[in-house]
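# Architecture at a glance
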Amino acid sequence: MIVPTIPGDGVRLRGLRPADLDDLVAGYNESDMRRFMAALPVPFTRSDAEEYMHELAPRLFAAGGGFYAVADPVSDRVLGGIGMDRVQPGRGQAEIGYWTGSWARGRGVATAAVRALSEHAFRTGLARLELLTHRENALSQRVALAAGFQPEGVRRAALPGHDGKRDDVLAYARLAGDPPGPVDRLLPDLPGGELTDGVVTLRPLAESDVDFYVDLHSQPDVVATSVPPVRPSPEQMRRRCAWAPSHWLAGDRADLVIVDTATGTPTGEIGLYYQEPRTGQAMIGYSMLPHWRGRGYPTRAAQLVSLWAFAETGIARLIAGALPDNVGSQRVLEKAGFKREAYLRSRLPGAGARRSDDVQFALLAEDLLTEGPRMDG
C-alpha cells in the first residue's frame, strides 16, 4: 500500500516507518495521552507500536481514512501523529484525531497537521470533518479553533473513559466550504497571560487552583451570595477549575483569580459571563477570602476586567448585581464606575423556596472614556 505524503506548514504527513517506533512508544506513554485516551494499552509497548504500524494503519487506509506520522520536513523525526477514522462515504464525513510529542509542542505542529489533513480530505471528496476532545483538554480545543473547526456542542458519554465510565466530549466540525483560517473567538487571551495594576494581578482560573477554589466557596457568606446560595459539591468545584479554560475558549465565560501581586497569593475570584454576545452585554461577579477584604482588591479587579473587556472584545455594556443588604458589594461596583440602574424584585433564587431581590448596576464603555477608572481602592 502506497501512503500519500501530505505537505503542511512546517510539517510533513507520511506513513509510519520502523524508525518511528521509539518515538511512537514515547508519545503514547506520556501522561496526558493516557489521561485523554483511556483505550490505550498501559504501558504502550513496542509491540503495540508495531501493531499500529502493521495492522491499525493499513486497516484505516483500507476504510478510506488513514494514520500518518507527523514528521519534521528537514530531519524527518516524528513530531506526533494524526489519523482519520469513522469514514462515512454516504455522508462524506469522517472523524479526525491527533497527538504531539512533548519534544515538539509549542511550535504549532498539531494545528499545521490538522490543517494539512483536512485540506487533503476535502480535496479527495469529503464534505465534513469532526473532531472530538475532552473538555479538560484545552490545548486540543485551541488546535481545533486554530485549524478552523467550529464548536457544535457536547457529545454525552461519547468515548470510553477510565474505571468503566464513559466521558462527555466537545464536538467541533469543519466543512469543505468553510472559510480558511482560525475561528474567531469572543473572548481572546489576556495580553501576556494576565492583567495587573501593580497591586492586584488577574490570571485565568486553572485546574491547579482547586484547593483555593474549595476554600473560597466554602465560606458561608460567599455561599450566601452565590446563585443559587448552595455550596457546590467537591466534583462541581473540581469541574469549575478544570473546565475554566474550555469555557474561556468557547467565549461564554472568563474565570479569573485575583492575586496579591506582592506575594503571589490567591485572594479571590472575578468572573465575566458573556451571556448576550448579540447585544454586546456581559456580567461580572466576584468573591474574596475574608482575610483579604477591606483592601479594595475587588474594585481594582472589576476595573481591570472592564478595561480589558471594552478594549479587546465586542462587549459594550457590563452589568452586575448585588443583594439589597450587601452594601459592601454595591460600594465596590460604584467605586469601579458602575451606575445603579434598577431594583429587580424576586429576581434571584434564594435559600429554600424563597427568592431574593437584586440591585442592578451597569457600566458602559463610554463611562470609562468620559470619567476614567478610579484606582483609589
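Below you will find a few notes about this structure. These numbers come from a predicted model, not from an experiment.

### Notes on the overall build of the protein
A count of helical and extended segments in the protein gives eleven helices and 16 strands. Counting only C-alpha atoms, the protein reaches 75 × 45 × 40 Å along its principal axes. With 377 residues in all, the protein has 47% of them scored as buried. Sequence-distant contacts in the protein: of pairs separated by 6 or more residues, those separated by 24 or more amount to 61%. Both charge centroids of the protein, one from 43 positive and one from 47 negative side chains, sit 3 Å from each other.

### Structural notes on the pairing of strand E15 (residues 339–349)
Regular strands show a simple pattern: their side chains alternate between the two faces of the sheet. The pairing of E15 with strand E16 (residues 355–364) spans seven bridges and is antiparallel. Paired with Tyr343 across the two strands is Val359, which belongs to E16. Hairpin connection between E15 and E16: a loop of five residues separates the two successive antiparallel strands, and Gly352 in this loop has a positive phi of roughly 65 degrees.

### A closer look at helix H5 (residues 138–146)
Looking only at H5, the buried set comprises Ala138, Ser140, Gln141, Val143, Ala144 and Leu145. The inward-facing, buried residues of H5 contact strand E5 (93–100), helix H4 (109–123), strand E6 (128–133), strand E7 (150–160), strand E8 (166–175) and helix H8 (234–250).

### Re the sheet that holds strand E9 (residues 195–196)
A sheet is described by the order of its strands in space; here eight strands give the open sequence E9-E10-E11-E12-E13-E14-E16-E15, paired in mixed fashion. Each having just a single partner strand, E9 and E15 make up the two edges of the open sheet. Bridge count between strand E14 (residues 317–322) and E16: six bridges; the pairing is antiparallel. Bridge pairing links Leu318 to Leu363 in E16. Those strands touched by H8 are strand E10 (200–204), strand E11 (253–260) and strand E12 (265–276), and its axis lies near 120 degrees from that of E11.

### Some points on the sheet that holds E5
Pairing within the open sheet is mixed, and its eight strands lie in the order E1-E2-E3-E4-E5-E6-E8-E7. Of all strands in the sheet, those bounded by a partner on one side alone are strand E1 (6–7) and E7. Together, strand E3 (66–71) and strand E4 (78–88) form the strand contacts of helix H3 (residues 46–62), whose direction differs from that of E3 by roughly 120 degrees.

### Focus on unusual backbone geometry
Looking along the chain, the bond that leaves Val42 and enters Pro43 is cis, with omega of -5 degrees. Tracing the backbone through its elements, the reader meets Pro43 in the loop between helix H2 (31–36) and H3. Cis peptide bonds are those with omega within 30 degrees of zero, and the linkage from Val227 to Pro228 qualifies with -5 degrees. Tracing the chain through its elements places Pro228 in the loop between helix H7 (220–224) and H8. Unlike most non-glycine residues, Ala157 shows phi in positive territory, near 50 degrees. In this structure, Ala157 sits in strand E7. With phi around 55 degrees, Ser346 is a residue other than glycine that occupies positive phi space.

### Some remarks on the packing of helix H1 (residues 21–28) against H3
Helix-helix packing is described using two parameters, namely the angle between the two axes and the distance between the axes. Running from amino to carboxyl end, H1 crosses H3 at an angle of 110 degrees, the nearest separation of the two axes being 9 Å. When the axes of H1 and H3 are compared, the pair comes out roughly perpendicular. For the pair H1 and H3, the crossing hand works out as right-handed. Of the residues in H3, those in contact with Leu21, Asp22, Leu24, Val25 and Tyr28 of H1 are Arg46, Ala49, Glu50, Tyr52 and Met53.

### Comments concerning the nonpolar core
In this structure, Leu202, Ile270, Leu272, Ile284, Ile315, Leu318 and Phe338 are the most contacted members of the largest nonpolar core, which totals 47 residues. Broken down by element, this core gets its largest block of residues, eight residues, from helix H9 (residues 297–312). When neighbours within four sequence positions are excluded, Phe338 is seen to be in contact with Ile284, Ser306, Leu318, Ile319, Ala320, Leu333, Phe361, Ala362 and Leu363. One finds Phe61, Ala116, Leu117 and Phe122 within the second-largest nonpolar core, a separate group that totals 34 residues.

### Here we look at the environment of Asp76
Within the fold, Asp76 resides in the loop between E3 and E4. The spatial distance from the C-alpha of Asp76 to the C-alpha of Arg14 is 9.7 Å, given a sequence separation of 62 residues. Beyond its immediate chain neighbours, meaning those up to four positions away, Asp76 contacts Arg12, Arg14, Arg17 and Ala71. A distance of 2.8 Å separates a polar atom in the side chain of Asp76 from a polar atom in the side chain of Arg12. Within the structure, the side chain of Asp76 is placed 2.9 Å from the side chain of Arg14, a separation counted as a polar contact.

What counts and how
Residues numbered from 1 in each chain as written. Predicted model: local features only at pLDDT ≥ 70, side-chain atom pairs only at ≥ 80, totals over all residues. Heavy atoms only, no water. Helix = DSSP H or I, 4+ residues; strand = E, 2+ residues; numbered from the N terminus. Buried < 20%, exposed > 50% of the residue type's maximum accessible area, 1.4 Å probe, protein only. Contact = heavy atoms within 4.5 Å. Lys, Arg positive; Asp, Glu negative; His and termini not counted. Charge placed at Lys NZ, Arg CZ, Asp CG, Glu CD. Pairing = 2+ DSSP bridges. Axes fitted to C-alpha atoms, helices over the stretch in contact; angles between N-to-C directions. Parallel < 35°, antiparallel > 145°, perpendicular 65-115°, else oblique. Left-handed = near helix turned anticlockwise from the far one by under 90°. Core = buried A, V, L, I, M, F, W, Y, C linked by side-chain atoms within 4.5 Å. Polar contact = N/O pair within 3.5 Å; in protein donor to acceptor, adjacent residues only side chain to side chain.

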